[in-house]
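# Survey of secondary and tertiary structure
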Amino acid sequence: MSKKGTYSFRKLINDIHLWLGIASGIVIFFVCFSGTILAFEHEIKDAFSSSIKVQPKGDRVSVEELISSLRTSNLGFVTGLTIPSDSDEPYEFSVKKDSKERRGSKVLVNPYTSEIHKVEKSGADNFLMVMFKLHRWLLLDINIGRPIVGIATIIFLILSVSGLVLWFPKKIKWKQIKQGFKIKTDANWKRINHDLHNTLGFYSCIFILIMAITGLCWSFEGYREGLGNLIGAKIFDRGGFEYKAENNEGLAVTIDEAIANANTILNYDGELSVGFPDKRNNYYRFSKVADANWSPVASDKLYMDVSGDVLKVERFDEKPLNIQIASLIRPIHTGEIYGTFSKIIYFLACLIGTSLPVTGTIIWINKLKKKNKRKQKATPVLRKVV
């Protein structure tokens, strides 16, 4: 039996958990808060952005004609195209006025009527961009905010592990352990707050660990390279390959023929994204996700020369597991990996992560008050003798 006042291992873990939590609490709060909102980033954007209605009537207009219509509308030159699998959805074109533009604009086109609709940025886009900057670098200069977020993320990793250790009772018995699985709602507010921190932290721990481990890839280049070396695959590899086309003048296929060829090889229903040849990549780049796929982000890729020759086909399911994991780091971090189901889980996990600094601080304040009361009771009161 240990003597009173012995500094135990559990006490050490508790102090690490406490002081690291106090040091990083405000940063973790803002990172998790913004992450909660960004979990449904695309859905929020779609809800506030304007669109066009498509009613399938007759045959679709060729992509070549649609591109020609975009040229005459002076919206810019086309850099990419997304063809949905549903017949009642518009085609989505990416256009740029200048090749130096990073992302360009999004233009929706009705494939049956050639109706063009440029998607303008809404207030939701601006709000989500603020949330993105808050999440990634706390609205500070990127060279200052990024490492701060990265360090806070490392601390969050330590807090998750130490919190999991503290979640287990001193005496490992099922009667004590099962209490950590529920929140005692009929107790006083201090106990409820403690359970909110302890129990919800336990349930969200695995997802917070996943988000933190993957999130560090954006904060530190050395960490990203190290994790890539550990799993044996490059993270954030843009794919593609160096290919210098021969003189194929007069042999070029039309974009519609190229799309038809790609759909013949990737012969299943799904959304098809097309990247057009440019100065950097002088070939077509196709990416397709099957409607029946287990993940909405696990895509097959196909590269095709302007003459129509298939240069390379990459089927996601045929890739080694380590390369699959490396290519899915972003959707694993954001929760897009399993679509709406995983987004809901990540939303709840981030919401809990936002609450942990708050409930943890309240627990600390309550303990301080309790200690002060004990000191006051233990201090003898000197009375004046008359």
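Please read all numbers here as calculations on a predicted model, not as lab measurements. (Residues numbered from 1 in each chain as written. Predicted model: local features only at pLDDT ≥ 70, side-chain atom pairs only at ≥ 80, totals over all residues. Heavy atoms only, no water.)

## Concerning the overall build of the chain
A tally of helices and strands in the chain yields 12 helices and 8 strands. For 386 residues, the compact-globule estimate of 2.2 N^0.38 gives 21 Å, and the C-alpha radius of gyration of the chain, at 28 Å, exceeds that figure by more than 25%. For the C-alpha atoms alone, the extent of the chain along its principal axes is close to 115 × 40 × 40 Å. Counting every position in the chain, which comprises 386 residues, the buried fraction comes to 37%. Looking at the chain alone, contacts between residues at least 24 apart form 58% of all its contacts between residues at least 6 apart. Approximately 23,900 Å² of the chain is accessible, and the part contributed by carbon and sulfur atoms is 58%. (Helix = DSSP H or I, 4+ residues; strand = E, 2+ residues; numbered from the N terminus. Rg over C-alpha atoms; globule rule 2.2 N^0.38 Å. Buried < 20%, exposed > 50% of the residue type's maximum accessible area, 1.4 Å probe, protein only. Contact = heavy atoms within 4.5 Å. Areas by Shrake-Rupley, 256 points an atom, 1.4 Å probe, with all protein chains shown as cover.)

## What about the pattern of salt bridges?
Per the stated rule, a full pass over the model turns up 8 salt bridges. One salt bridge connects R191 with D195, and the closest N-O pair in it is separated by 3.1 Å. Of this pair, R191 and D195 both sit in helix α7 (residues 189-219), separated by 4 residues, roughly a single helical turn. Among the residues examined, D195 registers a relative accessible area of 3% and is labelled buried. Of the charged contacts in the structure, one is a salt bridge between E314 and K312, with a shortest N-O distance of 2.9 Å. Residue classification places E314 among the buried residues on the basis of a relative accessible area of 16%. By relative accessible area, K312 is classed as partly exposed at 33%. Sharing partners across several salt bridges, the network here consists of K312, E314 and K319. (Salt bridge = Lys/Arg side-chain N within 4 Å of Asp/Glu carboxyl O.)

## Describing the pairing of strand β3 (residues 105-109)
Sheet topology places strand β2 (residues 91-96) next to β3; 5 bridges connect them, and they run antiparallel. Among the inter-strand pairings, S94 is bridged to a residue of β3, identified as K106. Relative to strand β4 (residues 116-118), β3 is paired through 3 bridges, and the arrangement is antiparallel. Of the residues in β4, the one forming a bridge with L108 is H117. (Pairing = 2+ DSSP bridges.)

## Brief notes about the environment of H333
Here H333 lies in helix α11 (residues 329-334). For H333, a relative accessible area of 17% puts it in the buried group. For the pair H333 and I208, spaced 125 residues apart in sequence, the C-alpha to C-alpha distance is 9.6 Å. Setting aside its immediate chain neighbours within four residues, H333 contacts H135, M211, T214, G215, W218 and Y346.

## Some details on unusual backbone geometry
Here L138, not a glycine, exhibits a phi torsion of approximately 60°, which is positive. Within the secondary structure layout, L138 lies in the loop between α4 (123-137) and α5 (142-167). Notably, L139 is not glycine yet its phi reads approximately 65°, a positive angle. Position of L139 relative to the elements: it lies in the loop between α4 and α5.

## Brief notes about the sheet that holds strand β1 (residues 77-83)
The strand order across the open sheet formed by 8 strands is β4-β3-β2-β1-β5-β6-β7-β8, and the pairing between neighbours is antiparallel. In the strand order of this sheet, the two ends are held by β4 and β8 (310-314), each with one partner. Each strand axis lies, on average, 20° off the axis of its neighbour in the sheet, ignoring direction. Alignment of β1 against β2, held across 5 bridges, turns out to be antiparallel. From the neighbouring strand, G80 faces β2, where its bridge partner is S94. Across the face of the sheet, helix α3 (residues 63-72) comes into contact with β1, β2, β3 and β4 while running at roughly 45° to β2. Contacts from helix α9 (residues 255-265) reach β1, β5 (270-275), β6 (284-290), β7 (300-304) and β8, with the element oriented near 40° to β6. (Axes fitted to C-alpha atoms, helices over the stretch in contact; angles between N-to-C directions.)

## A closer look at the side chain of T199
Structurally, T199 is set in helix α7. Looking at T199, the relative accessible area reads 1%, which means it is buried. At 3.2 Å, the side chain of T199 and the backbone oxygen of K182 are in polar contact. Discounting residues that sit within four places of it in the chain, T199 has contacts with G180, F181, K182 and I183. (Polar contact = N/O pair within 3.5 Å; in protein donor to acceptor, adjacent residues only side chain to side chain.)

## Considering α3
Since the α-helix advances by 3.6 residues per turn, residues separated by three or four positions end up pointing in the same direction. Within the sequence span of α3, burial applies to V63, L66, I67 and L70. One side of α3 carries all its buried residues, which in axial view fall inside an arc of 100°. Turned more than 90 degrees off the buried face of α3, the exposed positions are R71 and T72. A positive phi of about 60° marks N74, the residue just after α3. (Arc of directions from axis to C-beta.)

## Quick word on the confidence of the model for the chain
Per-residue pLDDT for the chain has a mean of 91; in total, 93% of the residues score no lower than 70. No element of the chain has a lower mean pLDDT than helix α6 (residues 174-177), which averages 83, and none a higher one than α11, which averages 97. (pLDDT = per-residue confidence, 0-100.)

## A word on a positive patch on the surface
A cluster of basic side chains, namely K190, K367, K369, K370, K371, K373, R374, K375 and K377, defines a positive patch on the protein surface. Among the elements that take part in the positive patch, helix α12 (residues 340-378) stands out by supplying 8 residues, more than any other. For K373, the position within the fold is in helix α12. On the basis of relative accessibility, which here comes to 53%, the residue K373 falls in the exposed class. (Patch = residues over 30% accessible without salt bridge, like charges linked within 9 Å, V, L, I, M, F, W, Y side chains within 5 Å. Lys, Arg positive; Asp, Glu negative; His and termini not counted. Charge placed at Lys NZ, Arg CZ, Asp CG, Glu CD.)

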